[in-house]
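Letter by letter, the chains look like this.
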Amino acid sequence: MANWKIIVAGCGGMANQWVGYAAERTGAEIAGLVDIREQAAREMASRHGLDVPVFTDLAEAIRQTKPDIVFDITIPDSHYDVCMTALKAGCHVFGEKPLAANLRDARTMVAAAKESGLAFNVMQNRRYLRSIRAYRELIASGAIGKPGLIAADFFVGPRFGGFRDEMESPLLLDMAIHTFDQARFISGADPVAVYCHEFNPPGSWYKGNASALCIFEMSDGSVFDYRGSWCAQGAPTSWEASWRVAGSEGTAIWDGHEQVFAERVRPNADGFIRETERIEAAIDWKGREGHAGCLDEMFAALEEGRPAETDCADNLQSIAMVFGALESARTGRKVHIEELLQR
């Protein structure tokens, strides 16, 4: 197993999961911490018992410590600078979602990673759950035939306070990337076009639009329907959303928790409403869940010399769903993803 030297860029709350992971991983060594607020980096070092240098400048940190990997856990607006600085210095990049703060930067970052031959992987932790893995396998098995409609409901009412309350599109910009990426993971398809309407419903405590309805045409001919609200009070869904995939021979359900099953039309069934049989999914994935599972995959891919599941080139399709939805909501028209990516 390789011994990876790591610089952590960004020492906010989310960084604790990344730092904790690296501290426990055999063959990984945190070589330094970087934050524009030096005190935040010092507090992170103290919290995790790290005797490492702290910096306020990433380029200087790289020059002094010569790491193999940069963990980018900064705010989205900083992802471009962190990624490009790291790649230019010959470092692999493992970064938090979203890939970038805008699609132009995202395309540039993906192209730079490809040209450099270095890994640039994006955190999409909600792919790494036992239940979503079981759901994907159930659909891929052909149990419901060919999927035609993929529907996800996301209704949660968190009161974060802070910057999210002031964002123009808090749901689409800060949260929907998870559900959009899950749809791609579950279906194995990429977005072709999107129509979106976003709005701020009565009772919302957000300044911007906290609800959205999106219709995505997908590359396999299916349609992905997203209904979301980040100010829904009562009867919440899972943070992983509630899912229904309707296929040519049945329907697959995942409640976002541990309930995963399908109802398939029985062979030779007849009648006005065809009789179905229930198929329970085997929830037996052995990988770790959440951030640990995604980071396990990033390191495994690096050590095996292959692209990770959440390689930036793949993740570009997920973030394009976000910016496509935002443009559709702004213009009131259907947006074609390929045209969006070519601008």
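The structure under discussion appears in the preceding block.
So, how was this worked out
- Residues numbered from 1 in each chain as written.
- Predicted model: local features only at pLDDT ≥ 70, side-chain atom pairs only at ≥ 80, totals over all residues.
- Heavy atoms only, no water.
- Helix = DSSP H or I, 4+ residues; strand = E, 2+ residues; numbered from the N terminus.
- Rg over C-alpha atoms; globule rule 2.2 N^0.38 Å.
- Buried < 20%, exposed > 50% of the residue type's maximum accessible area, 1.4 Å probe, protein only.
- Contact = heavy atoms within 4.5 Å.
- Pairing = 2+ DSSP bridges.
- Axes fitted to C-alpha atoms, helices over the stretch in contact; angles between N-to-C directions.
- Salt bridge = Lys/Arg side-chain N within 4 Å of Asp/Glu carboxyl O.

A closer look at the overall build of the protein
Part 1 of the argument: Each helix and strand counted, the protein has 10 helices and 15 strands in total.
Part 2 of the argument: The C-alpha radius of gyration of the protein comes to 21 Å, within 12% of the 20 Å expected for a compact globule of 343 residues.
Part 3 of the argument: Its C-alpha atoms put the protein at 75 × 45 × 40 Å along the principal axes.
Part 4 of the argument: Going through the 343 residues of the protein one by one, you find that 54% of them count as buried.
Part 5 of the argument: Sequence separation of at least 24 residues holds for 68% of the intrachain contacts in the protein that already meet a minimum separation of 6.

Here's the deal with helix α1 (residues 15-24)
Part 1 of the argument: Burial in α1 covers these residues: Ala-15, Trp-18, Val-19, Gly-20, Tyr-21 and Ala-22.
Part 2 of the argument: Check the buried side of α1 and you find it contacts β1 (4-9), β2 (28-34), α2 (38-47), β4 (69-72), β5 (92-95) and α8 (290-304).

Observations concerning the pairing of strand β8 (residues 191-199)
Part 1 of the argument: Alignment of β8 against strand β9 (residues 211-218), held across 8 bridges, turns out to be antiparallel. The partner of Ala-193 across the bridge, within β9, is Glu-217.
Part 2 of the argument: Relative to strand β15 (residues 335-336), β8 is paired through 2 bridges, and the arrangement is antiparallel. From the neighbouring strand, Val-194 faces β15, where its bridge partner is Val-335.

Brief notes about the sheet that holds β5
Part 1 of the argument: Read from one edge of the open sheet, 6 strands run β3-β2-β1-β4-β5-β6, paired in parallel fashion. At either margin of the open sheet sits one strand with a lone partner, and together these are β3 (54-55) and β6 (120-122).
Part 2 of the argument: Taken together, the 3 bridges between β5 and β6 define a ladder with parallel strand orientation. Residue pairing in the sheet places Val-93 in a bridge with Phe-120 of β6.
Part 3 of the argument: Set on the sheet, helix α3 (residues 58-65) makes contact with β1, β2, β3 and β4; between it and β1 the angle comes to about 160 degrees.

Focus: the pattern of salt bridges
Part 1 of the argument: Overall, the coordinates contain 28 salt bridges when judged by the stated rule.
Part 2 of the argument: Between Asp-314 and Arg-127 there is a salt bridge, with its nearest N and O atoms 3.5 Å apart. Pair noted here: Asp-314 is in helix α9 (residues 312-331) and Arg-127 is in the loop between β6 and α6 (130-140), with a separation of 187 residues, a long-range link.
Part 3 of the argument: In this structure Asp-314 comes out as partly exposed when scored by relative accessible area, which is 27%.
Part 4 of the argument: Arg-264 is the partner of Glu-277 in a salt bridge, and the nearest nitrogen-oxygen pair spans 2.9 Å. Of this pair, Glu-277 sits in strand β14 (residues 276-280) while Arg-264 is found in strand β13 (residues 260-265), placing the two residues 13 residues apart along the sequence.
Part 5 of the argument: Under the relative-accessibility criterion, Arg-264 is labelled partly exposed at 27%.
Part 6 of the argument: A single salt-bridge network, built from bridges that share partners, covers Arg-127, Asp-181, Arg-184, Asp-190 and Asp-314.

Any functional reading would require information beyond the geometric quantities listed.
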